[in-house]
Amino acid sequence: MSAPREHWGSRLGFIMAAAGSAVGLGNIWKFPYMTGENGGGAFLIIYLGCIAVFGLSLVLAELLIGRSAQRNPVAAFRHVAGRGWPAVGAMGIVTAFVILSFYVVVAGWTIAYMLFSVNGSLSNPDADALNAVFDHLTAGTWEPIAYAALFTALTAGVVIGGVGQGIERASKILMPLLFLILIALVVRALTLPGAAAGLEFFLIPDFSKVTGATFTAAIGQAFFSLSLGMGAMLTYGSYMPRERNLPTDALAVVSLDTLIAVLAGLMVIPAMFAAGMTPGEGGAGTTFKVLPAVFDAMPGGMWFALGFFLLLAVAALTSSVSLLETVVCYFVDEHAVSRRKATAYSAVAVFALSLPAALSFGLMADTKLFGMTFFALMDYLSSSITLPLGGLLTALCVGWVMGPRAIDALSNQGRIHAPWAPVWLFILRFVAPLGIGWILLQGLFS
Ligand code: PFF
């Protein structure tokens, strides 16, 4: 018999760990440049719509499956829905693995930038110099690989030790600190000369720029940011005791994640305009290229830079831990492998797959599949295809296969007052499958 399942220490512990999974590079690195590339304000509104309609319902659905089953994604789908459904969990685990393999590359850059903050590389805030620093780092061969390897090792170190003690405790202190630094940076970015145009671009929608691809990007980003569609939330839900109030916890996690993404937008996009960059120009380097100029315009800028990149690395770590935990939890539960072995093998495999991602900006920049570098392809396949697809299937599973059983479980057998639960079920049955399905097809054929 296996040992009884570990549970989160407290309600705050769960919220911080789940928010730790949700808040990460997706909010601070990806959201601002996606918004820049997809038309600004219109993207923001569509993104917020995706969070409100699909995101919240699906966070609840995933947590519910996990909590009901108290198992990893494959076993959990089997437990709540029976034959055939474990494939959805398996797709999630493969997706987690793919996301982790490019995530560690970007997370590695944040470690490099911690060093750059103190060694003077960022002290010349001229735009060309900052572009050169980023390009030099990412186009290298050994440096990006070494940083990605270091970050993979850090992630594995935390997962081997179990999530509860280390990461739950650290998140409770470090997440609020990140929040405070973000607020200071938002204030500084908004008061830079030329920032107003960026604020306008971010907040005033121009719907003439919206295409099918905008919707695909928004929904993919919403899923990525909320750690949805691949079993991470489900796995975290499986460590939740059954009597917890799921809806309030889910709402807290979704709100925190969205707030941090919007703050990151308010920080990066005005700074982009202040630096004379056109939206979409900076690509995956945007955050790294524009923020040093913001730091430089602050008293004690070097410390802000160091603090910011350190906390970004921590935010990335709490997310990468949840990705690796999803994979490891499966092997430990289903194949009776020790946590230590499962973590070590998975980390080595992640490192191997991270190599082409790490080299996508240099040695392999011209190696393209379907017109994309490995890095872009891994991001596209996971964010735009498998995450929404996983979300769609999760909605069908909870909406139709669990059906009224889901409402019963959600309300803790009627002990929690949830008069809106039928609306939630309606969304899972009709709105989410049709909406996500339509967006997926738009993306594939536009
Ligand atoms: N939500 C994380 C972020 O926004 O950076 C990324 C992520 C973590 C995606 C865990 C998926 C996941 F399962």
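The residue numbers shown here count from 1 along each chain, following its written sequence. Only residues with pLDDT of 70 or above have their local features reported here, since the model is predicted, and side-chain atom pairs are shown and tallied only from 80 upward, although totals for entire chains, interfaces and linings are computed over all residues. Excluding hydrogens and water, the side-chain figures rest on all heavy atoms present in the structure.

*Asks:* Summarise the overall build of the chain; cite the residues concerned and give the values.
*Replies:* The numbering of helices and of strands both runs from the N terminus, where a helix is a DSSP run of H or I of at least 4 residues and a strand a run of E of at least 2. From N to C terminus, the chain includes 18 helices and 0 strands. Expected size for 446 residues packed as a compact globule is a radius of gyration near 22 Å; at 21 Å, the chain falls within 12% of this value. Each residue is assigned to one of three classes by its accessible area relative to the maximum for its type, calculated with a 1.4 Å probe on protein chains only: buried under 20%, partly exposed between the two thresholds, exposed over 50%. The proportion of buried residues among the 446 residues of the chain is 59%. Between two residues, a contact is recorded if the distance between any of their heavy atoms is within 4.5 Å. Put simply, 83% of the contacts in the chain that link residues at least 6 apart link residues at least 24 apart. Under the convention used here, a 1.4 Å probe and the Shrake-Rupley method define accessible areas, while residue burial counts only the protein chains that appear. Surface accessibility of the chain: about 16700 Å² in total, with carbon and sulfur atoms responsible for 69%. Two residue types count as positive, namely Lys and Arg, and two as negative, namely Asp and Glu; His and chain ends fall outside the count. Working definition for charges: the position is that of NZ of Lys, CZ of Arg, CG of Asp or CD of Glu. One finds the centroid of the 21 positive side-chain charges in the chain at a distance of 15 Å from the centroid of its 21 negative side-chain charges. What the globule rule says is 2.2 Å times the number of residues to the power 0.38, and the radius of gyration is computed from C-alpha atoms.

*Asks:* Help me get a handle on the environment of E143, residues and values and all.
*Replies:* Mapping E143 onto the fold places it in helix α7 (residues 142-160). Judged by its relative accessible area of 33%, E143 is partly exposed. Residues E143 and Y330 lie 187 residues apart in sequence; the distance between their C-alpha atoms is 32 Å.

*Asks:* Outline the pattern of salt bridges, supporting the account with residue identities and numerical values.
*Replies:* Each salt bridge in this description consists of a side-chain nitrogen of Lys or Arg and a carboxyl oxygen of Asp or Glu lying within 4 Å of one another. Within this structure, the stated rule accounts for 5 salt bridges. K30 is paired through a salt bridge with D379; the nearest N and O atoms lie 2.9 Å apart. In this pair, K30 sits in helix α2 (residues 25-37) while D379 sits in helix α16 (residues 374-402), placing the two residues 349 residues apart along the sequence. By relative accessible area, which is 2% here, K30 ends up buried. In this structure D379 comes out as buried when scored by relative accessible area, which is 12%.

*Asks:* Which residues make up the site of the ligand, and what are the values?
*Replies:* The cutoff for a nearby residue is simple: one of its non-hydrogen atoms must lie within 4 Å of the molecule or strand. A22, G26, Y103, F224 and M230 are the nearest of the 15 residues found near the ligand. We call two N or O atoms a polar contact when they sit within 3.5 Å, provided that within protein one can donate a hydrogen and the other can accept it, with sequence-adjacent residues counted only if both atoms are side-chain atoms. A distance of 2.7 Å separates an oxygen atom of the ligand from a polar backbone atom of G26. Within the backbone of S225, an N or O atom sits 3.1 Å from a nitrogen atom of the ligand. The set of elements that each furnish at least two residues to the shell around the ligand consists of α1 (11-22), α2, α10 (212-225) and α14 (301-335). Residue composition of the shell around the ligand, by class: 7 nonpolar, 8 polar and no charged. Throughout, the ten residues Ala, Val, Leu, Ile, Met, Phe, Trp, Tyr, Cys and Pro are labelled nonpolar, Asp, Glu, Lys and Arg are labelled charged, and all others, Gly among them, are labelled polar.

*Asks:* Would you mind going over helix α15 (residues 339-358) in detail, with residue names and values included?
*Replies:* Think of an α-helix as turning once every 3.6 residues; residues three or four places apart then point the same way. Along its 20 residues, α15 runs 27 Å from first to last C-alpha, staying within 8% of the 28 Å computed at 1.5 Å per residue. For α15, the full list of buried residues reads A342, T343, S346, A347, V350, S354, P356, A357 and A358. Where α15 is buried, its residues touch α5 (86-119), α6 (127-138), α7, α14 and α16. Multiplying 1.5 Å by the helix residue count minus one yields the expected span of that helix.

*Asks:* A description of the packing of aromatic side chains should follow, citing residues and the corresponding values.
*Replies:* Note on aromatic pairs: the rings of Phe, Tyr and Trp (six-membered ring only in Trp) are paired at centre separations within 6.5 Å, and the planes decide the class, stacked below 30 degrees, edge-to-face beyond 60, tilted for the rest. Counting across every chain of the model gives 27 aromatic pairs. Seen from their ring centres, W109 and F361 are 5.3 Å apart, and the 80° between their planes marks the pair as edge-to-face. Residue W109 is located in helix α5, and its partner F361 is located in the loop between α15 and α16; the two are separated by 252 residues in the primary sequence. A relative accessible area of 2% places W109 in the buried class. Charge-over-ring placement is defined geometrically: NZ (Lys) or CZ (Arg) within 6 Å of the ring centre, and within 35 degrees of the ring normal. The lysine or arginine in question, K30, covers the ring of F224, its NZ or CZ lying 4.1 Å from the ring centre.

*Asks:* A description of the nonpolar core should follow, citing residues and the corresponding values.
*Replies:* It is characteristic of soluble globular proteins that their nonpolar side chains tend to be buried jointly. Among the buried residues, those of types Ala, Val, Leu, Ile, Met, Phe, Trp, Tyr and Cys that are joined through side-chain atoms within 4.5 Å form a nonpolar core. One finds M267 and F308 to be the most contacted residues of the largest nonpolar core, which totals 154 residues. Among the elements that line this core, the one with the most residues is α5, at 17 residues. With residues up to four places along the chain from it excluded, the contact list for M267 reads I28, L182, L185, V186, A189, L291 and F308.

*Asks:* Before we move on, can you summarise the packing of helix α4 (residues 73-81) against α16 with the specific residues and values?
*Replies:* Axis definition: a line fitted to C-alpha atoms, over the contacting stretch in the case of helices. Angles run 0 to 180 degrees between N-to-C directions. In the contact formed by α4 and α16, the axes pass within 10 Å of each other and the chain directions differ by 25°. The orientation of α4 with respect to α16, classified from their angle, is roughly parallel. For the pair formed by α4 and α16, the contact residues are F77, V80 and A81 on the first element and T394, C397, V401 and M402 on the second. Partitioning the contact of α4 with α16 into residue classes produces 6 nonpolar, 1 polar and no charged. Here roughly perpendicular refers to angles of 65 to 115 degrees, roughly parallel to angles under 35, roughly antiparallel to angles over 145, and oblique to all remaining angles.

*Asks:* How would you sum up the confidence of the model for the chain? Please name residues and give values.
*Replies:* What pLDDT conveys is the predictor's confidence in a given residue, as a value from 0 to 100. On average, residues of the chain carry a pLDDT of 92, and 98% of them reach 70 or more. Mean pLDDT per element in the chain: helix α8 (residues 163-190) is the minimum at 81, and α15 is the maximum at 97.

*Asks:* Give a description of helix α9 (residues 195-203) that names residues and reports values.
*Replies:* Listed in full, the buried residues belonging to α9 are A195, G198, F201 and F202. Buried residues of α9, seen end-on, are gathered within an arc of 115° and therefore sit on one face of the element. Residues of α9 that are exposed and point more than 90 degrees away from the buried face comprise A196 and E200. The reported arc concerns the directions from the helix axis to the C-beta atoms and nothing else.

*Asks:* Got a sec to walk through unusual backbone geometry? Specific residues and values, please.
*Replies:* The backbone of S227 sits at a positive phi, close to 55°, despite the residue not being glycine. Take S227: it is sitting in the loop between α10 and α11 (232-237). Owing to a relative accessible area of 10%, S227 belongs among the buried residues under this scheme. Residues other than glycine seldom take positive phi values, yet F370 does so here, at roughly 50°. With respect to the helices and strands, the residue F370 is situated in the loop between α15 and α16. You can call F370 exposed: its relative accessible area is 74%.

*Asks:* So what's going on with the environment of L428? Which residues, and what values?
*Replies:* If you trace the backbone, L428 turns up in helix α18 (residues 421-445). When sequence neighbours within four positions are dropped, the list of residues in contact with L428 reads S57, L58, A61, A395, L396, V398, G399 and P433.

*Asks:* Please set out the state of the cysteines residue by residue, giving values where relevant.
*Replies:* By disulfide we mean two sulfur atoms from cysteines, separated by a distance within 2.5 Å. Under the definition given, this model contains 0 disulfides. Free cysteine C397: the closest other cysteine sulfur is in C329, separated by 17 Å.

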